[in-house]
Amino acid sequence: MRTFDDDDTNHLFILERAGFGALIEALSDAEYEVIAPTIRDGAIIYDAIISEVDLPSGWADDQQAGRYKLKRRNDEALFGYAVGPHSWKKYLHPPEQLLWRAKKKEGGFDIHAAPIDTRKRAFLGVRACEIAAIEIQDRVFLRGPHIDEAYRARRENTLIIAVNCGDPAATCFCVSMSTGPAVRSGYDIAITEIISEDRHHFVIDAAGDAGRTVLKHLPLRPAGKKGLQAAEAVTAHAQQQMKRSLDTDGLQALLQNNADHPQWDNVASRCLSCTNCTAVCPTCFCTTVEDHTDLSGENAERVQHWDSCFSGSFSELGGAPVRRSTKSRYRQWMTHKLSTWIDQFGTSGCVGCGRCIAWCPAGIDITEEAAAIRKGANS
Amino acid sequence: MARKHIPKLAVWKFASCDGCQLSLLDCEDEFLALAGVIDIANFPEATRTKKRGPYDLSLVEGSISTMRDRERIQKVRRQSKYLVTIGACATAGGVQALRNGRDIAEFMSVVYARPDYIDTLATSTPISDHVKVDFELRGCPINKSQLLELITAFLHGRRPAIATTSVCAECKARGTVCVMTAKQAPCLGPVTQAGCGAICPAYDRSCYGCFGPMESPNTVSLKEQWRNLGANEKDIRRAFQTFNAGAPEFLNAARGHADKNN
Ligand code: SF4
Ligand code: SF4
Ligand code: SF4
């Protein structure tokens, strides 16, 4: 796999700002539905776009624990913000999915599986932490004993156009989780946006055939060494800007050895068990299924929807939840995310995107909570 | 073959605005298609015909606020295999529960020209304070698709799939941008039960708490967040004193019982 670290820069090109619209056109011409960042209701969310005017040109975000605010930049950057409340999970692992329908017949019923979504989608503006999150969900849905065919179809029909982050939010901590800010793999096309006093352009790179086919339609020039250096400077700046961190040293054992730490009571007094953190987290994958019948009793269907370790029914056994207290639910969430996930899947379940921090109505910060557990911990 | 039993459904009204019965009327199309599958034996908002009990399923709207109703609900219970309460009045006493703990005689003298004509209890209480209730369907008013889910579940002997988590879960499922986080609008969603489909935040309003307390409401923490967003104690009290004012968790939140500093 070629990366920006390669000496050879033959695969790196320059796309001027004026030519950027051609990328979206090329994607539409190739029959991709283009999903990209766009502004709605005071935030940058992900939705289908028609053209480059739908992108949040000149906008940035101010993020803190429990707060998100759009602000103007002093340039017209197309990607000058970090991640918002949506993640690509909304497309790859949607909040609600019909699994099957059944119809009663003599002596039983017929089952019809739900149709599988095979629409081609191009995700434009995928950040490094988000690629890491998609790879984590791939491991869950595609590399376990059970393969989720609907997920596989959606994943295989997705083209990933990554963007290297230039201005992380105050809630980001991908450096601690080794998932960013630079995109290293897992993309079809990667873009770095470069803005100087008198010029606005992109360094662009493709990996694999699908990405290269799209690039053929764009007005490109070779980037050369200078292009590579400019792109690397963007990453270096982003890395320097990142103020938040999570100390992962020995964290896996630390959390498992401190189930009785007083900090769990402290966080439980603030936690609303509202499920926002798990919904915005790009790696959280838990679901439940519901069966519905119609009034006649002739038809039934099974629907899968997002569930959360913060809900009571999530740990229900024999009619009552095993994890009754909010304390046990928060502890389950954080311990799974940062510790037992490693036992289970070989990586942390956290990619450091900061969404759970910004979108927690109580402003609970996973990095602060982990630091508090470390203080006065059993080793 | 034995004749198929056609389940009898009855709807009962106590102290309420009829809004929840209207949600049921709204299911008209679904019911028409099923003439012969369900026998609607009593439904005052829809028809004057009234069949005798017993009933397979009784839906009860409204709270208990008079002596007469206190006795009537016992009769309804005796005639019903399942009794399900629908809406904030029936499940929490409704907005009329605001009078609980206050001077009812004074209220009557202010509101009515002839208070001596009024026959009322000093309190408005949920049905579950008086008889055994098999399920409580929340909302002011209730949600039509939840009502259909509830009726089909009871008729087919399965557990209704009705979530007791927060409104936030519905906001996130529909992709609404959180108004509390992005607009600094104090929202009741985190302590309110889902079911409405998170309509208000989708229209740039914070949640009013129509569906009452969710399964594990941390009102103390939410109030602290509201204060951080600039809400004062009066705003907080008011927010918890609407349709579900009588629900114990909201009542305590309004009175500040569980707060550390009160
Ligand atoms: S940590 Fe925050 S977002 Fe998560 S359940 Fe608790 S209050 Fe909600
Ligand atoms: S736990 Fe929080 S910071 Fe980590 S990946 Fe999930 S949302 Fe992002
Ligand atoms: S808008 Fe209100 S209900 Fe929706 S997620 Fe935010 S706090 Fe929860």
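Residues numbered from 1 in each chain as written. Chains lettered and ligands numbered in written order. Predicted model: local features only at pLDDT ≥ 70, side-chain atom pairs only at ≥ 80, totals over all residues. Heavy atoms only, no water.

Novice: Lay out the sheet that holds strand β7 (residues 108-113) of chain A in plain terms, naming residues and giving numbers.
Specialist: All names here are of chain A. Across the sheet, 4 strands lie side by side as β7-β6-β14-β13; this open sheet has antiparallel pairing. Of all strands in the sheet, those bounded by a partner on one side alone are β7 and β13 (287-293). Direction aside, the axes of adjacent strands within the sheet are offset by 20 degrees on average. Pairing of β13 with strand β14 (residues 299-306), which is carried by 7 bridges, proceeds in the antiparallel orientation. Within β14, the residue paired with Thr288 across the bridge is His305. (Pairing = 2+ DSSP bridges. Helix = DSSP H or I, 4+ residues; strand = E, 2+ residues; numbered from the N terminus. Axes fitted to C-alpha atoms, helices over the stretch in contact; angles between N-to-C directions.)

Novice: How would you summarise empty space enclosed by the protein if you had to cite specific residues and measurements?
Specialist: Residues and elements named next belong to chain A. Evaluation of the coordinates by the stated rule reveals 6 cavities of 30 Å³ or more. Approximately 120 Å³ is the volume attributed to the largest cavity. Surrounding the largest cavity, 17 residues form its lining, Cys271, Cys277, Tyr330, Cys360 and Ile364 being those nearest its centre. Among the elements of the structure, α10 (276-280) and α11 (326-345) are those that each provide at least two residues to the lining of the largest cavity. The class makeup of the residues in the lining of the largest cavity is 13 nonpolar, 3 polar and 1 charged. (1 Å grid on protein atoms, 1.4 Å probe; cavity = no way out; pocket = protein on both sides within 12 Å on 5 of 7 lines; lining within 4 Å. Points joined across faces, edges and corners; volume = space filled by probe spheres on them. Nonpolar A, V, L, I, M, F, W, Y, C, P; charged D, E, K, R; others polar.)

Novice: Which residues make up the domain arrangement of chain B, and what values go with them?
Specialist: Residues and elements named next belong to chain B. Annotation of chain B at the domain level lists domain 1 (8-155) and domain 2 (167-255). On a C-alpha basis, the centroid separation for the pair domain 1 and domain 2 is 25 Å. Each side of the interface is counted separately: domain 1 has 14 residues, and domain 2 has 16 residues. Across the domain 1 to domain 2 interface the summed buried area is about 1100 Å²; carbon plus sulfur atoms make up 52%. In terms of surface lost to domain 2, no three residues of domain 1 exceed Ala92, Arg138 and Cys140, which account for 44% of the buried area on that side. The tally of links between domain 1 and domain 2 comes to 0 salt bridges. Split into classes, the residues belonging to the side of domain 1 that touches domain 2 amount to 7 nonpolar, 5 polar and 2 charged. (Domains from an automatic or database assignment. Contact = heavy atoms within 4.5 Å. Buried area = accessible area lost by both parts, 1.4 Å probe. Salt bridge = Lys/Arg side-chain N within 4 Å of Asp/Glu carboxyl O.)

Novice: Could you give an account of the packing of aromatic side chains, naming the residues involved and the relevant values?
Specialist: Under the criterion given, the structure shown has 19 aromatic pairs over all chains. Taking 6.3 Å as the distance between ring centres and 80 degrees as the angle between the ring planes, the aromatic pair formed by Phe141(A) and Phe285(A) counts as edge-to-face. With Phe141(A) in helix α3 (residues 128-142) and Phe285(A) in the loop between α10 and β13, the pair connects residues that are 144 residues apart, well separated along the chain. The exposure classification of Phe141(A) matches that of Phe285(A), with both residues buried. Judged by centre distance (6.4 Å) and plane angle (70 degrees), the ring pair of Phe135(B) and Phe154(B) falls under edge-to-face. (Phe/Tyr/Trp six-rings, centres within 6.5 Å; stacked < 30°, edge-to-face > 60°. Buried < 20%, exposed > 50% of the residue type's maximum accessible area, 1.4 Å probe, protein only.)

Novice: Could you give an account of the interface of chain A and chain B, with specific residues and numbers?
Specialist: Each partner contributes residues to the interface: chain A has 41 residues there, and chain B has 38 residues. Summing the contributions of chain A and of chain B, the shared interface buries around 3000 Å²; its carbon and sulfur component is 55%. Among the residues chain A hides against chain B, the three largest losses belong to Arg67(A), Leu272(A) and Leu295(A). Together they make up 25% of the total. Between Glu215(B) and Arg329(A) there is a salt bridge whose closest N-O contact spans 3.9 Å. At the junction of chain A with chain B, the criterion picks out 15 residue pairs in polar contact (both at pLDDT 80 or more). (Polar contact = N/O pair within 3.5 Å; in protein donor to acceptor, adjacent residues only side chain to side chain.)

Novice: Can you explain the sheet that holds strand β2 (residues 39-42) of chain B? Please cite residues and give values.
Specialist: Residue and element names in this part refer to chain B. One open sheet holds the 5 strands; their spatial order is β2-β1-β3-β4-β5, and the pairing between them is parallel. Taken across any chain shown, the strands that pair with only one partner, and hence form the sheet edges, are β2 and β5 (135-137). Across the sheet, the mean angle from the axis of one strand to that of its neighbour is 25 degrees, orientation sign disregarded. When strand β4 (residues 80-86) meets β5, the two strands line up parallel, connected through 3 bridges. By the bridge assignment, Thr85 is partnered in β5 with Glu136. Across the sheet, helix α3 (residues 67-79) lies against β1 (8-13), β3 (55-61) and β4, angled at about 130 degrees from β4, the strand it touches most.

Novice: Tell me about the domain arrangement of chain A, and name the residues and values.
Specialist: Residue and element names in this part refer to chain A. When the domains of chain A are assigned, the result is domain 1 (10-241) and domain 2 (251-374). A straight line from the C-alpha centre of domain 1 to that of domain 2 covers 25 Å. Between domain 1 and domain 2, the contact holds 41 residues from the first and 38 residues from the second. Taken together, the links from domain 1 to domain 2 amount to 2 salt bridges. The interface formed by domain 1 and domain 2 includes 28 residue pairs in polar contact (both at pLDDT 80 or more). Mapped onto the side of domain 1 that touches domain 2, the elements with two or more residues apiece are β3 (43-48), β4 (59-64), β5 (67-72), β6 (96-105), α3 and α5 (174-177).

Novice: Can you explain the nonpolar core? Please cite residues and give values.
Specialist: All names here are of chain A. In this structure, Phe20, Leu124, Ile191, Trp333 and Met334 are the most contacted members of the largest nonpolar core, which totals 88 residues. If you tally residues by element for this core, the top one is helix α1 (residues 20-29), at 5 residues. In contact with Met334, other than residues within four places in its own chain, are Leu255, Trp264, Ser339, Ile366, Glu369, Ala370 and Ile373. Counting residues in hydrophobic clusters, the runner-up holds 35 residues, among them Tyr91, Val140, Val183 and Ala207. (Core = buried A, V, L, I, M, F, W, Y, C linked by side-chain atoms within 4.5 Å.)

Novice: Tell me about the site of ligand 3, and name the residues and values.
Specialist: Around ligand 3, the neighbouring residues are Asn276(A), Val167(B), Cys168(B), Cys171(B), Lys172(B), Cys178(B), Val179(B), Met180(B), Cys187(B), Gly189(B), Pro190(B) and Pro201(B). Flanking ligand 3 are residues from chains A and B. Put simply, the parts of the chain that give the shell around ligand 3 at least two residues each are α7 (167-174) and α8 (179-182) of chain B. At 4 residues, α7(B) tops the list of elements feeding residues into the shell around ligand 3. Residue composition of the shell around ligand 3, by class: 9 nonpolar, 2 polar and 1 charged. (Near = heavy atom within 4 Å.)

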